[in-house]
Amino acid sequence: MIIATGTASGKSLAYLVPAVADIFAGGTVLYLTPTKALAADQLRALRKLRLTQVRAATYDGDTPPEERRWVRQNANYVLTNPDMLHRSILPRHSSWSSFWRRLRLVVVDECHGYRGVFGSHVAQILRRLRRVAARYGSSPVFLLASATASDPAAAGMRLTGLEMAEVTTDASPRGSTTFALWEPPLTDLRGESGAPVRRTATAEAADLLADLVIEDVRTLAFVRSRRAAEAVALTARRTLEEVEALLDAEPQPYGEYGEGLPEEMSDAGRPFGSVSGGAGQAFGDGAGDGTARGDASGAGGARDADRPFGEIGGGRERPSSVAAEIPQGTKTSDTAETSHETAETGAGRGTDHRVRLADRVAAYRAGYLADDRRVLEKALRSGELTGLATTNALELGVDVSGLDAVLIAGWPGTRASLWQQAGRAGRAGQDALAVLIARDDPLDTYIVHHPEAVFGQPVEAIVLDPDNPYVLAPHLCAAAAEIPLTEDDLKTFGPAARGVLDDLVEQGLLRRRPTGWFWTSRDHAADLADIRGSGGAPVQVVEASTGRLLGTVDEPSAHTMVHAGAVYLHQSETFVVDVLDLEAGVALVTAADPDYTTFARDVTDIRVMESLRSRPFGPGTLHFGSVEVTRQVVSYLKRRTQTGEVLGEEPLDLPPRTLCTRAVWWTLPTPALADLVKPGEAVDLGGAAHAAEHASIGLLPLFATCDRWDIGGVSTELHPDTGLLTVFVYDGHDGGAGFAERGYARASDWLTATREAIASCECERGCPSCIQSPKCGNGNEPLDKAGAIRLLDILLAT
Ligand SMILES: [Zn+2]
Ligand SMILES: [Zn+2]
């Protein structure tokens, strides 16, 4: 059964009631959530019920070893996450035998988060779970809870491999929400190629947050990166301090109080923030024929901050110096819990007894210690805090109710997430306010100019592809290590399983015996699957002078983020990379304060391996198939932080990386392009294709439930494999993730929206809101905005 309804519609009750009933009948329940925070929250809710028969416990990376044993043997309601299931519970299934034997119900909460490659991994983990349970004679019911999604039963079936009934009617009472779509103005600043720069979404969010706090409107501001969360809170507080200074000076109505925040405060995803939170990999072909260029996906350190499910990383994130970020307002609390904070953070704030306006605003994000997060949640619930700026760490169901307004800085990626975040506003049936603030990005621009793309539209389907052989193979190994695989198991793992098993035998990873397939190595088979898709062993970023570990960067992103000479940001401190040693997996860095950021440039080559599907598309052809993408970081640019001015380009010597993946691509025959070139006008074909590619990458997430960073693209006036003008958009994960396939299926809507996004941007020759890409490996050169619109007109003409 899958329940797919909105925030606060009572889903938890819908699975808690059968779960408790199963426990009363002597059964056990397994509860899965993508994050530890949500499991902890659920545990609290469960304990509030005071049911002595329910022995509930979390089992995750934070559970101390001495407690684990107790949980395995005694708990009948276990709350955990897919990572833990994959690495610990399934491989050691025999120590859970009494739990398995009585397993009646598996609750999969927030299951809309299991999409793309991560979702495909979770789908295979759930198949392994079904097989292990069956071994102990159990065949549990799967109860899935999801945000509203298109066709939830089909998604639930892809995720579990089981037939699903769906519940989609939400009859819970709600007030009305006023929804504003907000586009920040263009400024006088100039960015790349002299493009106009918009005021940032975070700057606007900080102003709005301050305004709402003055009005005593309880507000949550969602931003995309950790840095932005802190910047928004800090700027709003500064503004409020100024307001208060004015009020203290002379009583007067709130008037103008400053200009908001300095423009240099930048969004993570902005072009010049390339090494900050939002930047993933960029690669493109800038050399040789000068016509092919690529823009790619990449995991990036950005992932954690920008994606809803990135936060459990199991302690990879070092706790920050949270003390400084605890709201000063907590000092006024007289509870024992917060007085501890007072000693550390409350000093030097004057003697005023009333809570100052500025102290009513704080930042909250993943990476804070759990205790500090609890303090903030409590302060917001109690009304001690009025405004909280947060990454989507809060999005996942942690109980913060009683809000009046929600600010969403930047399209959160999906309509489902948008509604989930907006659904936070509205206490007990009262009316509420939600504001979506557009970022400098083609998708955001499209949405604020096309409200119909959001309102009255069904939310996205949950896209995942459990048959991806790159995902399936390691899970077949893990399954064989758990219990040898037999012919009967093949149907559990889907139609691709047999072929993949043959490959695994050939590679010597599995042994074929008359009774089935066996894992005979001493290694942990589960180590083969990297379910959060970070790709290989991470590179450690170490401060050279002290040996301090600052953080890690996944291997694919290391080339672009921590190459020698790169500017690396960590907790708003700046470092420059001295050396990147890929073999040792270490980047040594030194604290520095350069006035420039760095931006990796790369060469991308794409080869068509096989077109799996194709159809005529306008005068051209649309394809979906397998490609091989080779990318090499070849140099980096230094750009002045404030202006984006290029200070120089330095060569780099890094090995190429190859990705075998799926792509959607379209071609246009040369005669069709004759209309493009009008007499007396210069049209740069390559620039037009490149611009169309950038914008189409920006818009695909509207149709394929992916992140801009999950996909890449290459465009070329003449591709050697097609012999034609070709634009590729590919999945940035080995084996593909289902996004390009979705683009193929929705090509007409997708490319029409792409054309609209470019045409509706008010800039003259292209800007980050339309055709410039923050991750272009080719430095956004060349781009032709008018040419891109005409090129898409030709392609879309029917
Ligand atoms: Zn524009
Ligand atoms: Zn590009």
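Residues numbered from 1 in each chain as written. Chains lettered and ligands numbered in written order. Predicted model: local features only at pLDDT ≥ 70, side-chain atom pairs only at ≥ 80, totals over all residues. Heavy atoms only, no water.

Describing the overall build of the protein chain
Keep this limit in mind: Only DSSP runs of H or I covering at least 4 residues are called helices, and only runs of E covering at least 2 are called strands; the numbering of each starts at the N terminus. Using a 1.4 Å probe on the protein chains alone, a residue whose accessible area is under 20% of its type maximum counts as buried, one over 50% counts as exposed, and one in between counts as partly exposed. The accessible surface values rely on the Shrake-Rupley method and a 1.4 Å probe; as for residues, cover is taken only from the protein chains in view.
Helices and strands together make up the secondary structure of the protein chain, namely 23 helices and 29 strands. Put simply, the protein chain has 798 residues, and 60% of those count as buried. Of the accessible surface of the protein chain, which amounts to about 30,500 Å², a share of 51% is contributed by carbon and sulfur atoms.

Topic: the sheet that holds strand 7 (residues 166–167)
In a beta sheet, neighbouring strands are held together by backbone hydrogen bonds and run either parallel or antiparallel to one another. Which entries qualify depends on this criterion: Pairs of strands are assigned from DSSP output, requiring at least two bridges between the strands.
Spatially, 3-4-2-5-6-1-7 is the arrangement adopted by the 7 strands of the open sheet, whose pairing is parallel. Of all strands in the sheet, those with a lone pairing partner are strand 3 (56–58) and strand 7, marking the two edges. Across 4 bridges, the pairing between strand 5 (residues 103–108) and strand 6 (residues 141–146) is parallel. Bridge pairing in strand 6 links V108 to L144.

A short note on helix 3 (residues 65–74)
Note on helix geometry: an α-helix contains 3.6 residues per turn, so any two residues three or four positions apart are oriented the same way. Cut-off, in case you're wondering: Working note: the arc is built from the helix axis to C-beta atom directions. Only heavy atoms enter the contact rule, under which two residues are in contact if any of them lie within 4.5 Å.
R68, V71 and R72 are the residues of helix 3 that are buried. Looking straight down helix 3, one finds its buried side chains confined to an arc of 95°; they lie on one side. The exposed set on the far side of helix 3, more than 90 degrees from its buried face, consists of E66 and R69. Contacts from the buried residues of helix 3 go to strand 3, strand 4 (77–80), helix 4 (82–89) and helix 5 (97–101).

Describing the pairing of strand 15 (residues 405–409)
Counting buried positions over the 5 residues of strand 15 gives 5, a clear majority of the element. Relative to strand 15, strand 11 (residues 219–222) runs parallel, the two sharing 4 bridges. In the strand pairing of strand 15, T219 is matched with A405. Pairing between strand 15 and strand 16 (residues 432–437): 5 bridges, direction parallel. Each bridged residue has a counterpart across the sheet, and for A409 the counterpart in strand 16 is I437.

Topic: the coordination of the zinc ion (ligand 1)
This is how it is decided: Coordinating donors are taken as N, O and S atoms within 2.8 Å of the metal, stretched to 3.2 Å for Na, K and Ca; because water is absent from the atoms, sites can appear incomplete. Only four donors with every angle between 85 and 135 degrees are called tetrahedral; only four or six donors with opposite donors over 155 degrees apart and all others between 65 and 115 are called square planar or octahedral, in that order; all others are irregular.
Taken together, the protein ligands of the zinc ion (ligand 1) are C761 (SG), C763 (SG), C767 (SG) and C770 (SG), with distances of 2.2 to 2.4 Å. Around the zinc ion (ligand 1), the 4 donor atoms sit at angles spanning 100 to 119°, and that spread fits a shape best called tetrahedral. Sequence positions of the residues that donate to the zinc ion (ligand 1) give the spacing C-x1-C-x3-C-x2-C. For the residue pair C763 and C770, the accessibility class agrees, reading buried in each case.

Some words on the sheet that holds strand 13 (residues 361–364)
Stated formally: The axes used here are C-alpha line fits, helices contributing only the stretch in contact, and every angle between their N-to-C directions lies in the interval 0 to 180 degrees.
Overall, parallel pairing links the 6 strands, which are arranged 8-16-15-11-14-13 in an open sheet. Of all the strands in the sheet, just strand 8 (177–182) and strand 13 have a single pairing partner and so form its edges. Across this sheet, the average inter-strand angle for adjacent strands is 15°, counted without regard to direction. Relative to strand 16, strand 8 is paired through 6 bridges, and the arrangement is parallel. Residue pairing in the sheet places A180 in a bridge with V435 of strand 16. Against the sheet, helix 9 (residues 226–249) touches strand 13 and strand 14 (387–390), its axis set at about 175° to strand 13.

What to know about the nonpolar core
Where we set the bar: Take the buried residues of types Ala, Val, Leu, Ile, Met, Phe, Trp, Tyr and Cys, join any two whose side-chain atoms come within 4.5 Å, and each joined set is a nonpolar core.
Formed by 76 residues in total, the largest nonpolar core has its most connected members in W666 and L791. A total of 8 residues in this core trace back to one element, the largest contributor, which is helix 19 (residues 685–699). Apart from the residues lying within four places of it in its own chain, the contact partners of L791 are W666, L668, L673, L676, A688, A689 and L725. If you look at the next biggest cluster of nonpolar residues, it comprises 41 residues, including I89, W100, L103 and A133.

Re the packing of aromatic side chains
Put simply, the rule is: Working definition: rings of Phe, Tyr and Trp (its six-membered ring) pair if their centres are within 6.5 Å, and the pair is stacked with planes under 30 degrees apart, edge-to-face with planes over 60 apart, and tilted otherwise. Remark: a charge is flagged as sitting over a ring if the NZ atom of Lys or the CZ atom of Arg is within 6 Å of the ring centre and within 35 degrees of the ring normal.
A complete count under the given rule lists 10 aromatic pairs for this structure. Pairwise contacts between aromatic rings join Y59, W96, F99 and W100 into one cluster. Between R615 and the ring centre of Y744, over which it is positioned, the NZ or CZ distance is 4.8 Å.

Concerning the packing of helix 8 (residues 201–214) against helix 9
Applicable threshold: Note that the term roughly parallel is reserved for angles under 35 degrees, roughly antiparallel for angles over 145, roughly perpendicular for angles of 65 to 115, and oblique for everything else. Each crossing gets its handedness from the near helix: less than a right angle anticlockwise from the far helix is left-handed, clockwise is right-handed.
Put simply, helix 8 and helix 9 touch, their axes get as near as 8 Å, and they point 45° apart. Classed by the angle they form, the pair helix 8 and helix 9 counts as oblique. Note on packing geometry: the crossing formed by helix 8 with helix 9 is right-handed. Two secondary-structure elements touch here, helix 8 through T202, A205, A206, L209, A210, V213 and I214 and helix 9 through A228, V232, T235, A236, T239, L240 and V243.

Some words on the pairing of strand 11
Taking every second residue as pointing to the same face, both faces of strand 11 are buried, with T219 and A221 on one and L220 and F222 on the other. By the bridge criterion, 4 bridges tie strand 11 to strand 14 in an arrangement that is parallel. When the sheet's bridge partners are listed, T219 is paired in strand 14 with G387.

Notes on helix 7 (residues 152–160)
Here helix 7 has its buried residues at P152, A153, A155, G156, L159 and T160. In an axial view of helix 7, the angular spread of the buried residues amounts to 160°, which keeps them on one side of the axis. Where helix 7 is buried, its residues meet strand 1 (2–4), strand 5, helix 6 (116–135), strand 6 and strand 7. Looking one or two residues past helix 7, G161 carries a phi angle of roughly 80°, positive in sign.

Quick notes on the confidence of the model for the protein chain
Formally: Within a predicted model, pLDDT stands for the predictor's per-residue confidence, ranging from 0 to 100.
For the protein chain, the mean per-residue pLDDT works out to 80, and 81% of the residues sit at or above 70. In this model residues 254–353 is a low-confidence stretch, pLDDT under 50, and it forms 281 contacts with partners more than four residues away in sequence or in other chains.

Quick look at the pattern of salt bridges
Definition in use: Salt bridge, as applied in this entry: a Lys or Arg side-chain nitrogen positioned within 4 Å of an Asp or Glu carboxyl oxygen.
Counted under the stated rule, the structure contains 20 salt bridges. The shortest N-O distance in the salt bridge between R512 and E487 comes to 3.7 Å. Taken together, the residues R512 in strand 17 (residues 511–513) and E487 in the loop between helix 15 (469–482) and helix 16 (490–493) connect sequence positions 25 residues apart. Owing to a relative accessible area of 43%, R512 belongs among the partly exposed residues under this scheme.

A look at unusual backbone geometry
Trans is the common state for peptide bonds, and a negative phi is the common state for residues other than glycine. The linkage connecting E781 with the following residue, P782, adopts the cis geometry, with an omega of -20°. One non-glycine residue with positive phi stands out, namely D216, at about 60°. Residue placement: D216 occurs in the loop between helix 8 and strand 11. Given a relative accessible area of 51%, D216 falls into the exposed group.

Points about the environment of R237
Here R237 lies in helix 9. Given the relative accessible area of 15%, R237 is considered buried.

Remarks on the environment of C763
Looking at the element boundaries, C763 is found in the loop between helix 22 (747–760) and helix 23 (785–796). Remark: the alpha-carbon pair of C763 and K785, spanning 22 residues in sequence, is separated by 9.6 Å. With residues up to four places along the chain from it excluded, the contact list for C763 reads P196, C770 and K785.

Details of the environment of A695
Residue position: A695 is located in helix 19. For the pair A695 and P442, spaced 253 residues apart in the sequence, the C-alpha separation amounts to 6.1 Å. Apart from the residues within four sequence positions on either side, A695 is in contact with P442, T754, I758 and C770.

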